Each structure stands twice: as C-alpha cells, then as structure tokens.
Amino acid sequence: QVQLVESGGGSVQAGGSLRLSCAASGRTFSCMGWFRQAPGKEREGVAGIYTNLGSTYTYYADSVKGRFTISQDNAKKTLYLQMNSLKPEDSAMYYCAADLTPFCSPRRVAGGGDEYDYWGQGTQVSVFS
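Below is a summary of the structure that appears in this document. In this text, all values refer to a predicted model and were calculated from it rather than measured experimentally. Chains are numbered independently. Their residues run from 1 in the order of the written sequence. A pLDDT threshold of at least 70 governs which residues receive local features in this predicted model, and a stricter bar of 80 or more applies before side-chain atom pairs are shown or counted, although totals over entire chains, interfaces and linings include all residues. Note: side-chain values were computed over all heavy atoms of the structure, leaving out hydrogens and water.

### Points about the pattern of salt bridges
Part 1: For salt bridges, the criterion is a side-chain nitrogen of Lys or Arg within 4 Å of an Asp or Glu carboxyl oxygen. This model, assessed by the stated rule, comprises six salt bridges.
Part 2: As a salt-bridge pair, Asp114 and Arg43 come within 3.0 Å of each other at their nearest N and O atoms. You can see Asp114 sitting in the loop between β9 (92-98) and β10 (118-119) and its partner Arg43 sitting in the loop between β4 (31-37) and β5 (44-52), a full 71 residues away along the chain.
Part 3: Among the charged side chains, a network of salt bridges with common partners joins Arg36, Glu44, Arg67 and Asp90. Strands are runs of DSSP state E lasting at least two residues, helices are runs of H or I lasting at least four, and both sets are numbered from the N terminus onward.

Here is the structure:
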C-alpha cells in the first residue's frame, strides 16, 4: 500500500522559511511534485523533480523560482520543499504527488497534476504580513 504523508506546514511571517516533507511508504518514486491550492483557486503545480541514473532534473513555477527548492532523499524515501522568502500569496494547502509514468518530465506539474497517481493529504501553509 503506497502512502504519501506531508508534514512541515505552519504559520509564518512574510519573509520567513518553511521546509515541507513528504514521506513515502511502500516504494521510492523517480517522478514527484509539489502542488498547492488556495481557497477558490485552481490547483497549481509548484515544483517537480525527476531522478534517473544518478541525475536529477527539476522544474519550478515562475511564481516560486528562486525562492523554493525541491529535493529528494531516496534513502529516506522523502521528498522535500524548502520555501524561503515566503509571501502571503504562498498561503495554500500544499500537496505532494507521485507519478508512475516511465516518461517523466518535472515540468508535468505545470499541467495541474491530474496525471499523478498518488497524493498526500496535504499540509497547510499560512503566510501573514
């Protein structure tokens, strides 16, 4: 049984940092991503990662580029999202997701995530000014 469990969300002042974690049980994944959804808004792909043969490929939405960093520790079966210089508009529920596709591109997150096979329950991030 595959499960993804996010943690690390919370409430932080603008300009602060948070690190989200996504622990996978059952297996490791080479194609994963972070998504977020704010009330009344569509789900947005924030960052994607693809690891293959020792190489890592990442993608970031323009809204977070330069502030967020996605990484993966396969030994720990954990995906991370380091979020720096947080802004109030970053406030949302954040989800990690995994895709079983053999044709992964980290840019797949930009499509909103409908193709992803497994999802976590989400962790709330609130940024106040």
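### Re empty space enclosed by the protein
Part 1: Buried and open spaces are told apart on a 1 Å grid over the protein atoms alone, a cavity being a set of points where a 1.4 Å probe fits but cannot get out and a pocket being an open set with protein on both sides within 12 Å along at least five of seven lines. Residues with an atom within 4 Å of a point are the lining residues. Grid points are joined across faces, edges and corners, and a volume is the space filled by probe spheres set on the points. Under the definition given, this model contains one cavity of 30 Å³ or more.
Part 2: Of the voids in this model, the largest cavity is the one considered here, and its volume is about 40 Å³.
Part 3: For the largest cavity, the full set of lining residues is Ala24, Arg27, Thr28, Phe29, Met32, Gln72, Asp73, Asn74, Lys77, Thr78 and Leu79.
Part 4: For the lining of the largest cavity, the secondary-structure elements that each account for two or more residues are β7 (68-73) and β8 (78-83).
Part 5: Side-chain classes follow a simple rule in which Ala, Val, Leu, Ile, Met, Phe, Trp, Tyr, Cys and Pro form the nonpolar group, Asp, Glu, Lys and Arg form the charged group, and the remainder, Gly included, forms the polar group. In terms of residue class, the lining of the largest cavity is built from four nonpolar, four polar and three charged.

### With respect to the nonpolar core
Part 1: The definition of a nonpolar core used throughout is a set of buried Ala, Val, Leu, Ile, Met, Phe, Trp, Tyr and Cys residues joined through side-chain atoms within 4.5 Å. A 1.4 Å probe rolled over the protein chains alone gives each residue an accessible area, and that area as a share of the maximum for its type sets the label: buried under 20%, exposed over 50%, partly exposed in between. Of all hydrophobic cores here, the largest spans 28 residues; its most connected members are Trp34, Leu81, Met83 and Tyr94.
Part 2: In terms of nonpolar packing, the next biggest core, distinct from the first, is built from eight residues, Phe35, Tyr50, Ala97 and Cys104 among them.

### Details of the packing of aromatic side chains
Part 1: Note on ring pairs: Phe, Tyr and Trp rings are taken, using the six-membered ring of Trp, and paired if centres are within 6.5 Å. Classes follow the plane angle, with under 30 degrees stacked, over 60 edge-to-face and the rest tilted. In this structure the tally under the stated criterion is six aromatic pairs.
Part 2: With 5.7 Å between their ring centres and 50° between their planes, Phe29 and Tyr118 make a pair best called tilted. With a gap of 89 residues between them, Phe29 in the loop between β3 (18-25) and β4 and Tyr118 in strand β10 connect regions that are remote in the sequence.
Part 3: For Tyr118, a relative accessible area of 28% corresponds to the partly exposed category.
Part 4: When the ring of Phe35 is compared with that of Tyr116, the centres are 5.2 Å apart and the planes differ by 75°; the resulting orientation is edge-to-face. A residue pair is termed long-range when its members are at least 10 positions apart, and Phe35 in strand β4 and Tyr116 in the loop between β9 and β10 qualify at 81 residues. The same class applies to Phe35 and to Tyr116, which are both buried.
Part 5: Put simply, the rings of Phe35, Tyr95, Tyr116 and Trp119 pair up and form one aromatic cluster.
Part 6: Note on criteria: charge over ring means Lys NZ or Arg CZ within 6 Å of the ring centre, with the direction from the centre no more than 35 degrees off the ring normal. Taking NZ or CZ as reference, Arg43 lies 6.0 Å from the ring centre of Phe35, over its face.

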